[in-house]
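The primary structure of each chain is shown beneath.
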Amino acid sequence: MSGYSNAVKDYVERYKQEVGSDGLLDAHAVAEWAYANGLHKPSVKTVIDAIATDIAQVFREEYRVDRFGRRYRAKHAATQKRGNKTLSLWADLDDPNAPHTHFVKSFAQRRQQIVGDCVQLKTDVDVYNEKRTPVEPIQVPLDFTLDVMELQQIGRKAA
């Protein structure tokens with residue numbers, strides 16, 4: 001773990017001791033407290049990263065509707081290595097200049113993120129069930145075929 005991560009963990013523990021905690025933490029409240037107490041001083045890079053994160057969120061939330069009434073995400077990201085930097089590059093689905101290869105990479109990366117989320121969810125549920133031994137263990141099916149079909153049908157009926 002990095003020095004930065006350790007510093008954050010330290011002031012989160014201090015926050016819990018000084019402010020109190022009911023077991024739930026609001027990251028924004030902790031951040032506000034850490035900033036107000038001089039424990040977190042953002043650098044110019046941190047500020048730029050925060051703005052870039054906001055821009056990416058705006059990109060992520062931009063949806064359009066096609067001629068068949070299907071709501072689709074307009075902008076898609078793919079990570080790309082340039083020199084020693086890894087960049088997250090965005091392209092608009094409706095931009096004829098955006099290369100096909102970008103979307104192939106973007107969709108493959110999103111699929112891998114979903115798989116990774118499913119693996120972590122399965123692990124978390126398994127650990128929960130083993131630690132808590134509930135009368136009815138939590139079961140999380142990971143086959144989304146019927147869910148996707150059902151939501152596509154609902155989308156077609158709404159259009």
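Throughout what follows, the structure given in this document is the object of discussion. (Residues numbered from 1 in each chain as written. Predicted model: local features only at pLDDT ≥ 70, side-chain atom pairs only at ≥ 80, totals over all residues. Heavy atoms only, no water.)

Helices and strands together make up the secondary structure of the protein chain, namely five helices and four strands. In the protein chain, the succession of helices and strands from N to C terminus is α-α-α-β-β-β-β-α-α. For the protein chain, the C-alpha radius of gyration of 21 Å lies well beyond 15 Å, the compact-globule estimate for 159 residues. Counting the 159 residues in the protein chain, one finds 14% classified as buried. (Helix = DSSP H or I, 4+ residues; strand = E, 2+ residues; numbered from the N terminus. Rg over C-alpha atoms; globule rule 2.2 N^0.38 Å. Buried < 20%, exposed > 50% of the residue type's maximum accessible area, 1.4 Å probe, protein only.)

In terms of strand pairing, strand E3 (residues 75–82) meets strand E4 (residues 85–92) through eight bridges, oriented antiparallel. Looking at E4, one finds that alanine 77 is bridged to tryptophan 90. Between E3 and E4, which pair antiparallel and follow one another directly, the connecting turn spans two residues, one of which, glycine 83, has a positive phi of 65°. (Pairing = 2+ DSSP bridges.)

Taken together, the side chains of Leu121, Tyr128, Ile138, Val140, Leu142, Phe144 and Val148 make up a nonpolar region of the molecular surface, amounting to roughly 530 Å² of accessible area. In this structure, valine 148 sits in helix H5 (residues 145–158). (Patch = residues over 30% accessible without salt bridge, like charges linked within 9 Å, V, L, I, M, F, W, Y side chains within 5 Å. Areas by Shrake-Rupley, 256 points an atom, 1.4 Å probe, with all protein chains shown as cover. Salt bridge = Lys/Arg side-chain N within 4 Å of Asp/Glu carboxyl O.)

What follows is about the pattern of salt bridges. One pass over the full model with this rule turns up 10 salt bridges. One salt bridge connects lysine 16 with glutamate 13, and the closest N-O pair in it is separated by 3.1 Å. Pair noted here: lysine 16 and glutamate 13 are both in helix H1 (residues 3–19), with a separation of three residues, about one helical turn. Given a relative accessible area of 32%, lysine 16 falls into the partly exposed group. A salt bridge links arginine 14 to glutamate 18, with the shortest nitrogen-to-oxygen separation between them at 2.6 Å. With a gap of four residues between them, arginine 14 and glutamate 18 both fall in helix H1, about one helical turn apart. Three or more residues are tied together by salt bridges with common partners; here these are Glu62, Arg64, Lys75, Asp92 and Asp94.

So, about helix H2 (residues 27–36). Among the residues of H2, those classed as buried are Val30, Trp33 and Ala34. Buried residues along H2 cover an arc of 100° about the axis, so they all sit on one side. Along H2, exposed side chains directed more than 90 degrees from the buried face belong to His28, Glu32, Tyr35 and Ala36. Where H2 is buried, its residues meet H1. In the segment just after H2, glycine 38 is the residue with positive phi, at about 70°. (Arc of directions from axis to C-beta. Contact = heavy atoms within 4.5 Å.)

Scanning all chains against the criterion turns up three aromatic pairs. Ring geometry for phenylalanine 103 versus phenylalanine 107: centroids 6.1 Å apart, planes at 40°, classification tilted. Here the residue phenylalanine 103 and the residue phenylalanine 107 both occupy positions in helix H4 (residues 100–132), the gap between them amounting to four residues, near one helical turn. Between the NZ or CZ atom of arginine 71 and the centre of the ring of tyrosine 63, over which it lies, the distance is 3.9 Å. (Phe/Tyr/Trp six-rings, centres within 6.5 Å; stacked < 30°, edge-to-face > 60°. Lys NZ or Arg CZ within 6 Å of the ring centre and 35° of its normal.)

Okay, the environment of valine 140 next. For valine 140, the position within the fold is in the loop between H4 and H5. Residues valine 140 and lysine 122 lie 18 residues apart in sequence; the distance between their C-alpha atoms is 7.2 Å. Setting aside residues up to four positions removed in sequence, valine 140 forms contacts with Leu121 and Val125.

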